[in-house]
Amino acid sequence: MVGSVKKPVQGRHLKCISLVGPNGDISKKDLKVVKQRFLNLHKLKMQRAIDAVTPRQKIFLELLPLLFHVNHPVLPGYVSSETPAGIADYSPDKLSIDKAKKLGKGFVYSKRAKRAFGIESIFLMGSVGSIAYVKDSDMDLWLCYAPTLSTSALALLQEKASSIEKWATTLGLEVHFFLMNAEKFKQGEATPLSSESSGSTQHHLLLEEFYRTALYVAGRYPVWWLVPPTEENNYQVFVDNLLKQRFIDQHDVIDFGGLEKVPAEEFLGASFWHLYKAIDSPYKSLLKLMLMESYVDQYPSSHWAALLMKERVYAGESDANKLDAYLILYDVLEAYFIGRDEPERLNLMRYCFFSKLNEHARIAATPDWRQRVFSDMLAKCQPLPDYIKHSLDNKGWNISQAQQEKQRLTHELTYSYRLLVKFAKQRVEKSRRDNEEFLLLGRKLNATFEKRPSKLERSTIKHTLLQPETKVVLTQVVKNTQTSWLLNRLGEGRDEQFIRQAPSLIGLLAWSVDNGVVGSRTKVALNPGASQISSREVAQTLHSIQSFFDALPKKPVHLKAYCHESVVTDVLLVINSGLDSMSSFTEKGVNLTSERSDALSFGSQRRNLVYTVDMLLRNSWNEVIIGKYESATGLMNCFCDIFDHKTLGPAQVLPRLVSASYNSPRAMSVAKRIQALFKEVAIVFRQYAHGVSPRFVIQLARSFYIMQVNDGKMTATGVAENHLFEELARPQPVFSPVYFDNKIDPKGLLPVIYRHHKAGHTNLYYSQLGDNKAQVYILDENGSMFFDEQTFVYETSLLQSYRVLIDSVFHRRGLGAEQLSSTAFDAEIMCYKLEKIGQHWGHKHVFVSDKVEPDMINVRVVYDEQTKGTYIYCNDQVFSSLEQGDQLYSSVSRFIVQARKSAEKYPIYITDIDVPYYELGASSDDALQMVHYLNYKQRIEKKLNV
């Protein structure tokens, strides 16, 4: 079919063919006439396709069937001689052979009789050969293979098709081959049919589009051509009769099935898909969505556009333009909207259609048939609305016009969605309409169009006619103590025209950049009001925002992204916008320097130089969130918003984060500090896992913030400097190692204590204060810290009192391990002595013997749940709150002091605790950890050592 094409004569009307006579007889002659009419039509469509591509690209269409008819090493796509080849009912003409010889030196075509053909047919899908084709349109091809091919043969054929796709790329064409088994497709097996298909079940509607738009290239022709329009609902019976009566040979035709009995859910699936596509690419998809609507309006007696084309062929229409797939689409929609008396929607349909045709008209060097047809269409549609005329004149649009267009398209999408939901409720069973695809589309629509105060109203329509403003003015406005920013257009006479107002300057600038209002050549005047922001800082901020949007993905978000909760992908932080964190010094002419250069705890006053954070955050649903945070707490809340579940654990995926600051002598160091802090936090929480929940300590000014994941969400708890020990002492449900920001002295007390702690270990540290005082620090098996200050007599007695208690508790809890399977009971105990040398701390290991001192009195505290009484066992002597009452502890204390062999005074130590979890302050047995026992020990010992 491809090669030298004789253009069919146009202009004269051919005779009408009914094919089936009054008595039911089928005319064999008329069958041949119908077949030839379709072949002539497709020859003309192929010639138009060849004429539409560049001279360099023509060879692809000219050699397409030949490349699959033979396997030859010098031709594109060669894989092996075993690759399925040969197209049924195809023989290359001399022009194709000559082209192949020119492309592949040494090519010789050998005509051999084939017993079997690997390829049944080839079809081009979409706009190729039609009025809607433009330079960058991709080409989808159905490669219909013989059903007898093996899996290995299909793999070779796919490899060949992929290789030809790559060759087409070198010609500047985007080509996609889809391997098709016509038998399986007819039986309803799901098959990816084009780059435009949704993957859901749209069998009949995809077939309708195929019959309407496909360009027959070579091989068997569709038997659908030979089924008269009047027999469409009787398709299979008619085809079976043609074969049975031998009007046609089954080896000459390919059968994809008919268009009868389309289930309602197919319309729902197709409409949802086009609605999804229309969100990011509205013009083309809206036309298809409107076509679905016209079918739904007639359901179940929908009159297909493909059937209209067939009716015109049978009626003798010889004008190829009247048989053009997209012009037929236009005719169907025009009649539909006129019939519904919806002139505004009719104009919107025309606008979408004309916008598509105008793409070619703008770039065409010389007028062709497409432009002539386009001109005739425009003449028939006068008068046109202003927005269509402005679009066709290719005049630049300002943001007001672009916003009006967005409103029109958004209104249409919303209207279509409501019609769709109504149809679904009326025609589709609930179980079939409640599927995942519909849920995901709903999420995408919500993400795209839902308005929220903190969400940037994004431009979903990147119109090529939109022109950035030449001059704008930014003005800070204060009304009723509320600050906002105003963006106005600055006219030639210095008059101002309102564009937009927003509470946040960063949000307003982001909207201006994303919507194309402010470009690289836009001049921005500034009325800063009470703000300290300068024109220079505005320009720098605009540059950062432009870079932020430039780095975002250009392709629309895939529907699969909406299967999961949205995650952060890109972040821009602008620190101290319009503020100078050093202003209190610069105003006095003081150039402050300090050894404490940390921007979060600067100088001797330990000032936090981060006053405000303005955030732009883009997530995986393509939403952009605007955030404003103030003070140290705001900075930590900002980080908590950034670190979502994807940033946690070994499979960590981090967002791209850029930190910027401009309005201060230390602006760069502030921005770098935040960037570095982000990396530190990421390293720490990469260790987050089941059974491990790290904590990260950051110092801001004179306070500390502890970051930790709680209930799956990042949190930051602020504590004053003198309450840090108390916060670190909190019980932890799992092992929770503590890490410190690297600006905190790594040789400080707490970093030294926590550095070597491991899961399941209990580390005991002490430091001696003078001759008779000691400070004790214990990290339990989950990383909770116990602290106490005690009278110090001997190292051995101090450490052994804790070690004996810890061993006893672990032993006792181990005995009940059947009920407490989630708790560890065999923790290793390590003892260290802390020593301060200058400003730094160090530690050394201390050996504590397992051998108990002979004069040591075992003091065991027991709580009896039956009597609700406390019992204290001192070796074999027992004391009870039931007997001693308020004198229990003083009685025990006197007994122990009297029983000691040594007269030297030293504290009384508890060596074992056996009380229920609620007496220890825990919520359950599973929640118990060593810090609960240590805190209880501390409370009881204070009573004993009064």
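Residues numbered from 1 in each chain as written. Predicted model: local features only at pLDDT ≥ 70, side-chain atom pairs only at ≥ 80, totals over all residues. Heavy atoms only, no water.

Naming follows an unreviewed UniProt entry, where the protein appears as Adenylate cyclase of Cycloclasticus pugetii.

1. Some words on the sheet that holds strand 19 (residues 761-769)
Read across the open sheet, the 5 strands follow the order 21-20-19-22-23; overall the sheet is mixed. Looking along the sheet, the strands with just one partner apiece sit at the ends: strand 21 (785-791) and strand 23 (840-845). Pairs of neighbouring strands in the sheet enclose a mean axial angle of 25°, with direction left out of account. Where strand 22 (residues 828-837) lies against strand 23, 6 bridges are found, and the strand directions are antiparallel. Of the residues in strand 23, the one forming a bridge with K833 is K844. Across the sheet, helix 25 (residues 795-815) is in contact with strand 19, strand 20 (773-779), strand 21 and strand 22; its angle to strand 19 comes to roughly 160°. (Pairing = 2+ DSSP bridges. Helix = DSSP H or I, 4+ residues; strand = E, 2+ residues; numbered from the N terminus. Axes fitted to C-alpha atoms, helices over the stretch in contact; angles between N-to-C directions. Contact = heavy atoms within 4.5 Å.)

2. With respect to the nonpolar core
Counting residues in hydrophobic clusters, the biggest one holds 111 residues, and the most contacted among them are F123, F210, Y211, F256, F267, F353 and F354. Contacts of Y211, omitting those with residues within four sequence positions, involve P222, W224, Y235, F256, G257, L259, A306 and M309. (Core = buried A, V, L, I, M, F, W, Y, C linked by side-chain atoms within 4.5 Å. Buried < 20%, exposed > 50% of the residue type's maximum accessible area, 1.4 Å probe, protein only.)

3. Brief notes about the layout of surface pockets
What the second largest pocket holds in volume is close to 710 Å³. Looking at the second largest pocket, it is lined by 23 residues, and the ones nearest its centre are R606, Q699, F704, I744 and D745. Mapped by element, the contributors of at least two residues to the lining of the second largest pocket are helix 23 (724-728) and helix 24 (749-755). Ranked by residues supplied to the lining of the second largest pocket, first place goes to helix 24 with 3 residues. (1 Å grid on protein atoms, 1.4 Å probe; cavity = no way out; pocket = protein on both sides within 12 Å on 5 of 7 lines; lining within 4 Å. Points joined across faces, edges and corners; volume = space filled by probe spheres on them.)

4. A word on the sheet that holds strand 15 (residues 695-700)
Ordered in space as 17-16-15-18, the 4 strands form an open sheet in which the pairing is mixed. With one partner strand each, in any of the chains shown, strand 17 (713-720) and strand 18 (738-740) form the two edges of the open sheet. Within the sheet, the average angular offset between the axes of one strand and its neighbour, ignoring direction, is 30°. Across the sheet, helix 21 (residues 631-642) lies against strand 15, strand 16 (703-710) and strand 17, angled at about 20° from strand 16, the strand it touches most.

5. Structural notes on the pattern of salt bridges
This model, assessed by the stated rule, comprises 35 salt bridges. The partner of R340 in a salt bridge is E342, with the nearest N and O atoms 3.3 Å apart. According to the relative accessible area criterion, R340 is partly exposed, its value standing at 31%. Across the pair D598 and R673 runs a salt bridge, and its minimum N-O distance is 2.5 Å. Of this pair, D598 sits in the loop between helix 20 (583-586) and strand 12 (612-619) while R673 sits in helix 22 (residues 667-685), placing them 75 residues apart in sequence. The class of D598 is buried, set by a relative accessible area of 10%. Ionic contacts of the salt-bridge type, sharing partners, join the residues E293, D297, R340, E342, R345 and E412 into one network. (Salt bridge = Lys/Arg side-chain N within 4 Å of Asp/Glu carboxyl O.)

6. A short note on the pairing of strand 25 (residues 869-874)
For strand 25, the tally of buried residues reaches 5 of 6 residues, placing the bulk of the element in the interior. Inspection of the sheet shows strand 24 (residues 859-864) paired to strand 25 by 6 bridges, in the antiparallel sense. By the bridge assignment for strand 25, R860 is matched with Y873. Where strand 25 lies against strand 26 (residues 877-880), 4 bridges are found, and the strand directions are antiparallel. Residue pairing across strands places Y873 opposite V878, the latter belonging to strand 26. Hairpin remark: strand 25 followed by strand 26, antiparallel, with 2 residues in the connecting loop; positive phi at N875, about 55°.

7. Quick look at the packing of aromatic side chains
Two descriptors summarise a pair of aromatic rings, namely the distance from one centre to the other and the angle between the planes of the rings. A complete count under the given rule lists 39 aromatic pairs for this structure. Seen in terms of ring centroids, F68 and F177 are 5.2 Å apart; in terms of plane orientation they differ by 65°. Their pairing is edge-to-face. Taken together, the positions of F68 in helix 2 (residues 58-69) and F177 in strand 3 (residues 175-180) put the pair 109 residues apart, joining distant regions of the chain. Each member of the pair, F68 as well as F177, carries the same accessibility label: buried. Between F786 and Y802, the ring centres sit 6.2 Å apart and the planes meet at 55°, which makes this aromatic pair tilted. In this pair, F786 sits in strand 21 while Y802 sits in helix 25, placing the two residues 16 residues apart along the sequence. With relative accessibility at 0%, the residue Y802 sits in the buried group. By the ring-pair criterion, three or more aromatic residues cluster together here, those being F38, F123, W142, F185, F210, Y211, Y216, Y221, W224, W225 and F256. One Lys or Arg, K310, reaches over the ring of W224 and ends 3.8 Å from the middle of that ring. The side chain of R860 reaches across the aromatic face of Y873, ending 4.6 Å from its centre. (Phe/Tyr/Trp six-rings, centres within 6.5 Å; stacked < 30°, edge-to-face > 60°. Lys NZ or Arg CZ within 6 Å of the ring centre and 35° of its normal.)

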